[in-house]
Amino acid sequence: QVQLEESGGGLVQAGGSLRLSCVGSIGTFNTLPMGWFRQAQGKEREFVAAFSANEVTYYGDSMKGRITIFRDTAKSTVYLQMNSLRAEDTGVYYCGVRPVGRPYFSQGSYTDWGQGTQVTVSS
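Residues numbered from 1 in each chain as written. Predicted model: local features only at pLDDT ≥ 70, side-chain atom pairs only at ≥ 80, totals over all residues. Heavy atoms only, no water.

Side note on the nonpolar core
M34, W36, V48, I69, L80, M82 and Y93 are the most contacted members of the largest nonpolar core, which has 24 residues in total. Put simply, the parts of the chain that give this core at least two residues each are strand 3 (18-24), strand 4 (34-39), strand 5 (46-51), strand 7 (67-72), strand 8 (77-82), strand 9 (91-97) and strand 11 (117-122). (Core = buried A, V, L, I, M, F, W, Y, C linked by side-chain atoms within 4.5 Å. Buried < 20%, exposed > 50% of the residue type's maximum accessible area, 1.4 Å probe, protein only. Helix = DSSP H or I, 4+ residues; strand = E, 2+ residues; numbered from the N terminus.)

Laid out in structure tokens, this is it:
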């Protein structure tokens, strides 16, 4: 089991930026496929971005062009850089890890999740 901890959320004005972090508890975290999802109040969890096992990146349509997912292996941390934020980006952002071979875009593929970090974008 992997312990994950997100941070970096907060309140930001529309057009602003935030960088979310996800720290993993085990050494193999650096090689695990992982992803970011978000959940707005009253809505289902939505795919945002992911790494494959060979470090290919994928982005969901809702934030594509405004986000970048990247990894710092020395810190066992995965980041989500978010720019040009909009009010509709408000929600709780979660990172998760999944076994190799499972589809990156499905939350059911992920076996471990962090507790989430709240992002609020004011218009």
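Concerning the environment of V48
By secondary structure assignment, the location of V48 is in strand 5. Assessed through its relative accessible area of 0%, V48 is described here as buried. Residues V48 and S62 lie 14 residues apart in sequence; the distance between their C-alpha atoms is 7.4 Å. Filtering out sequence-adjacent residues up to four positions away, V48 remains in contact with W36, F37, R38, Y58, Y59, G60, M63, I67, L80 and Y93. (Contact = heavy atoms within 4.5 Å.)

A closer look at the state of the cysteines
Applying the stated rule across the entire model yields one disulfide. Two residues share a disulfide in this structure: C22 and C95, whose sulfurs sit 2.0 Å from each other. Torsion about the S-S bond of the C22 and C95 cystine: about 70°, corresponding to right-handed handedness. In this pair, C22 is assigned in strand 3 and C95 in strand 9, connecting sequence segments 73 residues apart. You can call C22 buried: its relative accessible area is 0%. (Disulfide = S-S within 2.5 Å.)

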